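Survey of secondary and tertiary structure
In case you want the letters, here they are:
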Amino acid sequence: MTTDIWGWVHDTHGQLVEAGQHRLATALVEIAGHAVDGRNEQLDALYPEAVASARALGLPWVEVFLRHWRLQNLLNKRHQGEQAMTEAVSLLEFAHREETAGCPQSVCTVQDFTICHANIDGPGYVPERLAVLEEALERVEPARACFDCLSREYADTLEDDGRAEAALAHLDRAKTRIQAAGESVSLSFGHARASALYRIGRIEEALDSLAAAEQAYTAAGNVLDEDDLRKGGVIRARLLATLGRWDEALEQLPSTADADGFADIRHRWAEAVELLVAADRYPNDARLGVRLAHWVSYLDAAGSHRPCLDLALAAGRLAVRRGAREVALALVATAERKLALLRRTDQVTGPLAELAAAARALPVPHLPVPPLELLVRLGERDGEVDPEADLDLLAAAWQQLGGSSADARAGSTDLLLSLAGLLASLGHEQASAELLWARLEQDPGHQDLIGMLTRVLIEARDGEQVRRLADRVAAASPGDAHWIRARWALAESRWAQAIEEVEALLVLEPERINPRRLAAAAATELGDHPTAQRLYLELLEHALPAEDASPEEQYRTVQTPDLWHLITAASANRDWEVVRATGARLGIEFDQPDGPVDEEWQYVTVRARRTDGGQSDLPAVRTGPATARILPVLGEEVPLNHRDVVVFGPALLEPAPAADAPEEERERWRPTFELLTLLDPAGYTTYFLDGAWPGPERWDELRTAVRGAGYGIWAYSGDQYMITDPGSDEGGLPGIYAALGVPPTASAAQADALVARLTAGWPHPLAWPALAKAAGGDIARHEEIVERYGL
């Protein structure tokens, strides 16, 4: 039995394919790439079905593999801490049962376990991490990939303990053992070595080490992908900034979009930017503050206490540098809350005390008017404003009111709401919530307080506090309690619970409009289009006429999006009468006065979710306000096919080009909508054709003939597709790779005969082995073509 994990994956993949378990086989070979490269959506789409299949088939080794790579993603790419601990402990136990102990991936669950503890409190769990890693390293041969991973984790642990010299020595010993076993270290090993050198202060050597690691990686035939470039770039940026090589550091620094999208580069990004700010080479403004605050909040919710505290300290120092007093104090409060959750605090107590003192030493701004007049004064300004300066003014006004009369404080709720709202908009939801909770004690029935606190808590993903608020208001206002629970259920994608809470609310308050919108959206997510249509129709019944509504009542009027959503739901339900009637309200004209809506309007793009979680943009013909007919012939990666009629959502996913955009861009643009549901499957079956390009004339003849017979055909290859020319040693032939859609009225045998007849006179034959097999034809002939032309 092989101990090589990738050899095992290769063998197991083949066995699954032979057993007809194609989707699980695909998941087995794709999940590690999704996990490592941060393709989170694809991983989340693939994982549940794959792990359920592994369990149903009684494949515990496959389950260990799948769960490990998902955890690697959660811990590294998403930087989860306590949020992932239950799964890390569960997988460690499962991977060391009798039936899984021999799995090549089982030992890697030790790394998952230690990374999870590192995310929670790396220095605090050093003894436990070193103990389990030492035990695991003793039973892993240096030739295995796991030895590389565990050695890096061991070095990270030593770094967390302040022993960077020992970490470097450990890495170098491990590298010697790996190479002696005939293997090469990973690129991540090179990143770990650069980190240890950085901690020691050998910065130039760290740069050289990183360059050597990348050179060795590419020399072995590998290509640096986007993830490698991001990681290498942020490591270099921090090193170069430390050396004061500012221009080079800025050139290497990943974009803010990359840093927002990939949590694993954020800590080094923030360290590099702090150095650049100190040199006046990076803008230290409120936008940077908001970005860092959101990252702090993310780590807070993920239970990554130590990284959260470290980032809060960096963000706080930057806030002090730009004079943002309240922002700095909010970050101090977060850091102090995280400090209480750490086992070891010696490395951070001093820096936190320094930050707190610096934040409190920042001047409190002078108010230009009395506190209760401040909102009016702020609203009268023109031009750009500094939200952090406004926050400091609002906080100063609120503090002044703290010693005022009871009447003055009673009239200050608007000031408090503005202060809390600005805090939340700057990324400090916890600080905002604390203010709102305190005010709610004094004014327990204030609807604006309850509404803003609900919104802030949901933005902070604080389910415990949302439930506390709902329970608090339930006695006095059960409808509000249902509304709070419904909004939280929607935020957590618990669609059925959201509908249940809204239905309970409507029993108490049947005239409510917004809850119906929320429940209809949840029903649409569930695919319950009858319920969605019913709720939108009820919304129309209870809405106020727009012309009679006051500004305060506008939320109770029908909006254009409501009508479009009704059309979408009615289309999914084939209620064409409602589609036509609602379309008339929007000024839509139909070719036919009644019956199903099946017309030809314009070319559009329908964005569909692939089975691997990615997206595909499919050309289609719009057949009605919310329906379209798919044009391409598709494979298994998209659950649609040629001539399928679909319903799409009403929102335009990409804006139209500006009026002054180039004419070519405006002509090329097509409206893009998101797929909602399949309405009428056309029943086409896909087979692929592969071979030499016959030239435009022959290809047009083939395409015209098969389409005339009711088939579909769609070419996927471009000019870059080349195949082997068996008659020449000098070069290849242009190739064609296309999908043939066989209608439900034709058999595979008929399709096989049709294509054979239409391509009989071509100078080079095409191959269609899957179609030939389905037709019971001569498969050997097609296999020979595949072999001869290198298809």
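Conventions and cut-offs
Counting restarts for each chain, with residues numbered from 1 along the sequence as it is written. Per-residue local features of the predicted model are confined to residues with pLDDT of at least 70, and side-chain atom pairs are confined, for both listing and counting, to 80 or more; whole-chain, interface and lining totals are unaffected and use all residues. Hydrogens and waters are ignored; side-chain quantities use all the structure's heavy atoms. Think of a salt bridge as a Lys or Arg side-chain nitrogen and an Asp or Glu carboxyl oxygen that are within 4 Å of each other. Throughout this description, buried means an accessible area under 20% of the type-specific maximum (1.4 Å probe, protein chains only), exposed means over 50%, and partly exposed covers the range between. Helix and strand assignments come from DSSP, with helices taken as H or I runs of at least 4 residues and strands as E runs of at least 2, each series counted from the N terminus. Here, a disulfide means two cysteine sulfur atoms that sit within 2.5 Å of each other. Under the convention used throughout, the expected extent of a helix is 1.5 Å for every residue step, that is, one less than its residue count. Note on contacts: a residue pair is in contact if any heavy atoms of the two residues lie within 4.5 Å. If DSSP finds at least two bridges between two strands, the strands pair. Pairs of N or O atoms are called polar contacts if they sit within 3.5 Å, as long as, within protein, a hydrogen donor faces a hydrogen acceptor (for residues adjacent in sequence, only side-chain-to-side-chain pairs).

**Quick look at the pattern of salt bridges**
One pass over the structure, following the stated rule, counts 54 salt bridges. Where R139 meets E135, a salt bridge forms, and the shortest distance between an N and an O atom there is 3.0 Å. R139 gets classed as partly exposed once you look at its relative accessible area, which sits at 38%. Judged by its relative accessible area of 41%, E135 falls in the partly exposed class. Three or more residues joined by partner-sharing salt bridges are found here, namely K77, D227, R230, K231 and D264.

**Details of unusual backbone geometry**
Residues other than glycine seldom take positive phi values, yet R461 does so here, at roughly 55 degrees. Within the secondary structure, R461 sits in the loop between α25 (447–459) and α26 (463–474). When its relative accessible area of 44% is taken as the criterion, R461 is described as partly exposed. The phi dihedral of S493 falls on the positive side, at around 65 degrees, and the residue is not glycine.

**Observations regarding the state of the cysteines**
Applying the stated criterion to the full structure yields zero disulfides. The thiol of C146 is unpaired, and the distance to the nearest cysteine sulfur, on C108, comes to 3.0 Å. Left without a disulfide partner, C149 is nearest to the cysteine sulfur of C108, which lies 5.7 Å away.

**Observations concerning helix α18 (residues 325–339)**
Between its first and last C-alpha atoms α18 spans 21 Å; for 15 residues at 1.5 Å apiece the expected length is 21 Å, and the two agree. Of all the residues in α18, the buried ones are R325, V327, A328, A330, L331, V332, T334, A335 and K338. Structurally, α18 contributes buried residues whose contacts are with α16 (286–302), α17 (305–321), α19 (349–361), α21 (387–401) and α24 (429–442).

**Details of the pairing of strand β2 (residues 615–622)**
Alignment of strand β1 (residues 603–609) against β2, held across seven bridges, turns out to be antiparallel. Counted as the bridge partner of Y603 is V621 from β2. Counting the residues between successive antiparallel strands, the hairpin from β1 to β2 contains five residues, one of them, G613, with a positive phi of roughly 95 degrees. From the end of β2 to the start of strand β3 (residues 627–630), which pair antiparallel, there are four residues.

**Considering the environment of D680**
If you trace the backbone, D680 turns up in strand β5 (residues 672–680). The exposure class assigned to D680 is partly exposed, which follows from its relative accessible area of 32%. Separated by 461 residues in sequence, D680 and A219 have C-alpha atoms that sit 52 Å apart. Not counting chain neighbours up to four residues away, the residues in contact with D680 comprise R574, R643, D644 and V645. Here R574 takes part through its side chain, which lies 2.7 Å from a polar atom of the side chain of D680.

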